[in-house]
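Geometric and topological summary
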Amino acid sequence: MIQEVTGSRNISFLSTGFSGNTTLQTTDSLTSVQSNSSENVTLVRPATFFIRGFSSFPHAKYYYVFLCFVYAVTVFGNLFIMCAIYLARRLHTAKYIAVFNLALSDLCGSSALVPKLIDMFLFEHQLISYEACLMNMFFVFHFMNVQSLTLLALAYDRLVAICFPLQYHAIITKTSMSFIISSMWMFSMVLFAVLVGLINRLSFCRSTVVDSYFCDHGPVISLSCNSNSINYLIAYILFGLLICLPVIVITLSYFCIAAALLKIAHGADRIKAMKTCTSHLVLVAVFYLPILSVNVKSMSTSIDPNSRIINNSLTQIIPPMLNPIIYTLKTEEVMQSIKELYKRNRVNTITERNGKQRM
C-alpha cells in the first residue's frame, strides 16, 4: 500500500516511523491518498517548504537591493544584445543564433531566480508550495544548463572557423546551428525533468526548512527521511555531464585552435584570428570558474552557510549580467552593427523632423 500524505499548513514534520500496519487518519492538516501496490511505502509531502536564506547575516537587505540592481542591468543588457542581433542584418549568421540563445537563456535564468529571491527575502515571503518549489528548481537549473551548453556550441563554432576555415560556411549553417540549439533545449528539459521528478519518490517527514536561497536540489533532498541515494547519484552524473564535460571539451577545442594558430605564418592574421576567440574565452572563464571553484571547495572543506549562499548566488547572477557587456565591448562585429543601427536611427529621425517642418 502506498500512502501519500500532504500537509496543508505545517512547516515541519516530526520524524515518524511508519510500518505496514500503521493507519493514517485524515485531519484538517493531513490528507491521505491510498493506492494498491505489492509493497507498503509511505510518502509524506509537505504543503510548503520554508526557504531560510541568510541566517544572522547583518544588513542582508542591502544585498537583496544589490541583486535588484544586478537584475535590472541583466534585463537591459540582454534585451539590448537580442534587439541588436535581430535588427542588424550583418549579425544574421549561425554564430549569432547561438549568441542570441545565450542572451535569451541568461535573461530567462535570471528571471527564474532573482525576482522570486527578492520576493522571498526582501518582502519576507519565504514559504513556497511543494509544487512551486519543484518548478523553481527545474527552471533555474534548466536555464543555467542551457547557458553551459550554448558556450559549448560557441566553442564548436570557433573550432570550425579557425581549424577548417574553408569548410566553415558549409558546416556551420543557420539550419545546423538552429538544430544544435533546439536539441540542447530538449536535452536539458528531459534531464532536469528526470532530476526534479525523482524528488516525488522522497518522503519529507522531518524539517522542511531549506538551507539555501532558492529550492536548491541538494538542500531539498537532504531533508528526506527515506533513501535519497538515487537522487544524489543522478545529481553527480548530471554535474559531471553538463558542467565538467563541457569544460573538458572546450579546453580540448582551444588546444586544437592554438595548434592551428601556430601554423599561421603572418602575425597579423594570427592576432586577428585570436581576437575572434577572446570574447568567448572570457565568457567561459566567467561562467565556469566560479561554479567549479565553489563546488571543489565545498567537497574539500565545510563552507559557512552565509558564505555559500553569497558565493552561489553571485555565481548564478553575475555571468548573465556580464555576458552582453563582454560581447558588446569585445566583439568588433557587434560594435559596428550597433553604430550602424544608431546612425540609421539618427538619419531616420532627422528625415522625419525635416519632413514635418516642410509640412
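The structure under discussion appears in the preceding block.
Cut-offs applied
- Residue numbers here run from 1 along each chain, matching the order of that chain's written sequence.
- Restriction of local features to residues with pLDDT of at least 70 applies here, the model being predicted, together with a cutoff of 80 or more for giving and counting side-chain atom pairs; totals for whole chains, interfaces and linings are based on all residues.
- Note that the side-chain values use all heavy atoms of the structure and ignore hydrogens as well as water.
- Any two strands with at least two DSSP-identified bridges between them are counted as paired.
- Secondary structure follows DSSP: runs of H or I at least 4 residues long count as helices, runs of E at least 2 residues long count as strands, and numbering of each begins at the N terminus.
- What makes two residues a contact is simply this: any of their non-hydrogen atoms within 4.5 Å.
- Axis geometry follows a simple rule: fit a line to the C-alpha atoms, using only the stretch in contact for helices, then measure angles between N-to-C directions, giving values from 0 to 180 degrees.
- Any two rings among Phe, Tyr and Trp, with Trp reduced to its six-membered ring, count as a pair given centres within 6.5 Å; such a pair is stacked if its planes are under 30 degrees apart, edge-to-face if over 60, and tilted if neither.
- Only protein chains enter the area calculation, which uses a 1.4 Å probe; residues under 20% of their type maximum are buried, those over 50% are exposed, and those in between are partly exposed.
- Any angle from 65 to 115 degrees is called roughly perpendicular, while one under 35 is roughly parallel, one over 145 is roughly antiparallel, and all others are oblique.
- For this classification, Asp, Glu, Lys and Arg are treated as charged, while Ala, Val, Leu, Ile, Met, Phe, Trp, Tyr, Cys and Pro are nonpolar and the rest, including Gly, are polar.
- For any pair of crossing helices, the crossing counts as left-handed if the nearer helix is rotated counterclockwise from the farther one by less than a right angle, and right-handed if it is rotated clockwise.
- Disulfides are defined as pairs of cysteine sulfur atoms found within 2.5 Å of each other.
- Among buried residues, the Ala, Val, Leu, Ile, Met, Phe, Trp, Tyr and Cys ones that are joined through side-chain atoms within 4.5 Å form a nonpolar core.
- Both site types are read off a 1 Å grid over the protein atoms alone. A 1.4 Å probe that fits but cannot get out defines a cavity, while an open set with protein on both sides within 12 Å along at least five of seven lines defines a pocket; lining residues have an atom within 4 Å of a point.
- Grid points are joined across faces, edges and corners, and a volume is the space filled by probe spheres set on the points.

1. Re the pairing of strand β4 (residues 48–51)
Sheet analysis places β4 next to strand β5 (residues 127–129), joined by 3 bridges and oriented antiparallel. Paired with F50 across the bridge in β5 is L127. As paired elements, β4 and strand β6 (residues 209–210) share 2 bridges and run parallel to each other. Bridging from a neighbouring strand, I51 pairs with V210 of β6.

2. Considerations on the side chain of Q147
Positionally, Q147 belongs in helix α3 (residues 130–163). Contact partners of Q147, with chain neighbours within four places excluded, come to L102, S105, D106, G109, F287 and P320.

3. Overview of the sheet that holds β6
In spatial order, the strands read β5-β4-β6; together these 3 strands make up an open sheet with mixed pairing. Each of the sheet's edge strands pairs with one partner strand only, and the pair in question is β5 and β6. Here α3 sits on the sheet and contacts β4 and β5; the angle it forms with β5, its principal contact strand, is near 90°.

4. Quick word on the packing of aromatic side chains
Enumeration over the complete set of coordinates arrives at 15 aromatic pairs. Ring centres of F139 and F143 lie 6.1 Å apart, and the angle between their planes is 20°; this geometry places the pair in the stacked category. Of this pair, F139 and F143 are both found in helix α3, 4 residues apart, which corresponds to roughly one turn of the helix. Using a relative accessible area of 10% as the deciding quantity, one classes F143 as buried. An aromatic cluster is present here, built from Y63, Y64, F66 and F121 joined pairwise through their rings.

5. Structural notes on the packing of helix α8 (residues 267–300) against helix α9 (residues 305–330)
Interhelical geometry of α8 versus α9 gives an angle of 175° and a closest axis separation of 9 Å. As judged from the angle between their axes, α8 and α9 are roughly antiparallel. Here α8 contributes S279, V282, L283, V286, F287, P290, I291 and V294 to the contact with α9, which in turn contributes N311, N312, T315, P319, L322, N323, I326, Y327 and K330. Partitioning the contact of α8 with α9 into residue classes produces 11 nonpolar, 5 polar and 1 charged.

6. Topic: the packing of helix α1 (residues 60–87) against α9
Relative orientation of the contacting elements α1 and α9 amounts to 30°, with a least axis distance of 9 Å. In terms of axis orientation, α1 runs roughly parallel to α9. In this structure, the crossing between α1 and α9 has a hand that is left-handed. Contact residues: α1 offers Y63, F66, L67, V70, V73, T74, G77, N78 and I81, while α9 offers I310, S313, L314, I317, I318, P320, M321, P324, Y327 and T328. Split by residue class, the contact of α1 with α9 holds 14 nonpolar, 5 polar and no charged.

7. Some details on the state of the cysteines
Enumeration over the complete set of coordinates arrives at 2 disulfides. The side chain of C133 participates in a disulfide bridge whose partner is C215; the two sulfur atoms lie 2.1 Å from each other. Because the sign of the S-S torsion sets the handedness, a value of about -125° for the bond joining C133 and C215 places this disulfide among the left-handed ones. Within this pair, whereas C133 is found in helix α3, its partner C215 is found in the loop between β6 and α6 (217–221), the two being separated by 82 residues in sequence. The disulfide partner of C205 is C225, and the gap between their sulfur atoms is 2.0 Å. On the criterion of sequence distance, the pair formed by C205 in the loop between α5 (174–197) and β6 and C225 in the loop between α6 and α7 (229–262) is long-range, its members being 20 residues apart. In the chain, numbering the disulfide-bonded cysteines from first to last in sequence yields the connectivity 1-3, 2-4.

8. Some remarks on the nonpolar core
Among the nonpolar cores identified, the biggest contains 92 residues, and F49, Y64, M137 and F204 are the most heavily contacted of them. No other element matches α3, which puts 19 residues into this core. With residues near it in sequence (within four places) discarded, Y64 still touches F54, L117, I118, F121 and L122.

9. Quick word on unusual backbone geometry
Even without being a glycine, E124 presents a positive backbone phi close to 60°. Positionally, E124 belongs in the loop between α2 (94–121) and β5. Look at E124 and you get exposed, because its relative accessible area is 56%.

10. Re the layout of surface pockets
Reported here for the largest pocket is a volume of approximately 1100 Å³. As for the largest pocket, its lining consists of 35 residues, of which F141, D216, G218, P219 and N295 are closest to the centre. Put simply, the parts of the chain that give the lining of the largest pocket at least two residues each are α3, α5, β6, α6, α7, α8 and α9. Within the lining of the largest pocket, the residues separate by chemical class into 21 nonpolar, 10 polar and 4 charged. Here the second largest pocket defines a volume of roughly 730 Å³. In terms of lining, the second largest pocket is formed by 27 residues, of which the most central are K95, R158, K272, T276 and E333. Put simply, the parts of the chain that give the lining of the second largest pocket at least two residues each are α2, α3, α4 (168–171), α8 and α10 (332–358). For the lining of the second largest pocket, the element with the most residues is α8, which contributes 6 residues. By residue class, the composition of the lining of the second largest pocket is 10 nonpolar, 8 polar and 9 charged.

Read these as geometric descriptors, not functional statements.
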